[in-house]
Amino acid sequence: MTLARYVDFNVRGDADGWLVALEGNRNVPFSMQRAYYIFGTQNGVRRGKHAHRRLTQMMVCLTGQCKILLDDGKTREDLTLARNDQGLMLDAMIWHEMYDFSPDCVLLVLADNYYDEADYIRNYAAFKTACA
Ligand code: TYD
C-alpha cells in the first residue's frame with residue numbers, strides 16, 4: 001500500500017462490548033474540524049469521485065464494507081474498508097472513488113477543515129492536469 005496508510009486504533013472494552021475513542025492530534029493525526037458519515041448507498045453506486053486540493057481526511061468503516069479506488073495521477077490502488085478498529089488516512093490530491101458498498105455500510109470520515117466546495121476537484125481530467 002503506497003497511496004494511503006492505515007492507523008490502528010486501540011479498542012477498549014470487554015465481553016460486554018467495545019469502544020474506540022478518536023482524538024484529534026492523538027490517534028487521529030490532525031486537528032479535526034468536521035466529521036460526516038455516508039450510508040444507505042444504493043447497489044452499484046460509486047461515491048466520492050473527486051480529489052481535494054488541501055483537505056486531509058481519515059475514513060473509518062463503522063459497519064459493513066466498501067472498496068476504495070485511490071489515484072495520485074500516476075498510480076492507482078484499490079483497497080477494502082471493512083474494519084472499525086483502523087482508519088485510512090487520505091491526503092490531499094488523491095482522487096478517490098468508493099464502490100461495492102454493502103447495504104449496511106456506514107463510512108465515517110474525519111476532516112481537518114470545514115466543507116468547502118472550492119477545495120474539490122470533481123473533474124478527472126482537471127485532476128490529471130493539476131497533478132502534472
Ligand atoms: P458529495 O461530495 O457529492 O458526496 P458523495 O459523492 O459521497 O455522494 O456530497 C453530497 C452533498 O453533500 C453535496 O451537496 C455536498 C454536501 N456536503 C456538505 O454539505 N457537507 C459535507 O461535509 C460534505 C462531505 C458534503
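A brief structural summary. Here the residue numbers are simple positions, counted from 1 along each chain's written sequence. Side-chain atom pairs in this predicted model are given and counted only at pLDDT of 80 or more, local residue features only at pLDDT of at least 70, and totals for whole chains, interfaces and linings cover all residues. Note that water and hydrogens are dropped before the side-chain values are worked out from all heavy atoms of the structure.

### Side note on the overall build of the protein
Each helix and strand counted, the protein has one helix and twelve strands in total. Taken from the N to the C terminus, the helices and strands of the protein come in the order β-β-β-β-β-β-β-β-β-β-β-β-α. The C-alpha atoms of the protein give a radius of gyration of 15 Å, which matches the 14 Å a tight globule of 132 residues would have. Its C-alpha atoms give the protein principal-axis dimensions of about 50 × 35 × 25 Å. We call a residue buried when its accessible area falls under 20% of the maximum for its residue type, exposed when it is over 50%, and partly exposed in between, using a 1.4 Å probe and counting protein chains only. Scored against the burial criterion, the 132 residues of the protein give a buried share of 39%. Contact criterion: two residues are considered in contact whenever any of their non-hydrogen atoms come within 4.5 Å of each other. Sequence separation of 24 or more characterises 78% of the internal contacts of the protein that already satisfy a separation of 6 or more. For every accessible area listed, the method is Shrake-Rupley and the probe measures 1.4 Å; residues are considered covered only by the protein chains on display. Accessible area for the protein stands at about 7500 Å²; split by element, carbon and sulfur atoms hold 48% of it. Computed over 15 positive and 17 negative side-chain charges, the separation of the two mean positions in the protein equals 6 Å. Numbered from the N terminus, helices here are DSSP runs of H or I no shorter than four residues, and strands are runs of E no shorter than two. Note that the radius of gyration is over C-alpha atoms, with the globule rule given as 2.2 Å times the number of residues to the power 0.38. Charge counting treats Lys and Arg as positive and Asp and Glu as negative, with His and both chain ends excluded. The atoms used to mark charge sites are NZ of Lys, CZ of Arg, CG of Asp and CD of Glu.

### Looking at the site of the ligand
Being near a molecule or strand, for a residue, means having at least one of its heavy atoms within 4 Å of it. Taken together, Arg 34, Tyr 36, Arg 47, Gly 48, Tyr 115, Tyr 120 and Arg 122 make up the full set of residues adjacent to the ligand. Here Arg 47 contributes a side-chain N or O atom positioned 3.1 Å from an oxygen atom of the ligand. Here the ligand, which alone exposes 540 Å², has 54% of that area covered by the protein. Counting residues per element, the ones that place at least two in the shell around the ligand are β4 (34-39) and β5 (47-52). Within 3.5 Å is the distance limit for a polar contact, defined as a pair of N or O atoms, with the added protein rule that one can donate a hydrogen and the other accept it, and that residues adjacent in sequence qualify only through two side-chain atoms.

### Some thoughts on the side chain of His 52
Residue placement: His 52 occurs in strand β5. Since its relative accessible area comes to 3%, His 52 is described here as buried. Reaching out from His 52, the side chain makes a polar contact with the side chain of His 50 at a distance of 3.3 Å. Dropping the residues within four chain positions of it, His 52 is found in contact with Gln 57, Ala 92, Met 93, His 96, Asp 119 and Tyr 120.

### Considerations on the pairing of strand β8 (residues 76-81)
Here β8 shows one buried face, formed by Glu 77, Leu 79 and Leu 81, and one open face, formed by Arg 76, Asp 78 and Thr 80. As paired strands, strand β7 (residues 66-71) and β8 are joined by six bridges and run antiparallel to one another. Counterpart to Leu 70 in the pairing with β8 is Glu 77. Here β7 folds back onto β8, and the loop between the two strands holds four residues, one of which, Gly 73, carries a positive phi near 95°. Any two strands between which DSSP finds at least two bridges are classified as paired.

### A word on the side chain of Ser 102
Mapped onto the elements, Ser 102 comes out in the loop between β10 (95-99) and β11 (106-111). With residues near it in sequence (within four places) discarded, Ser 102 still touches Gly 64 and Gln 65.

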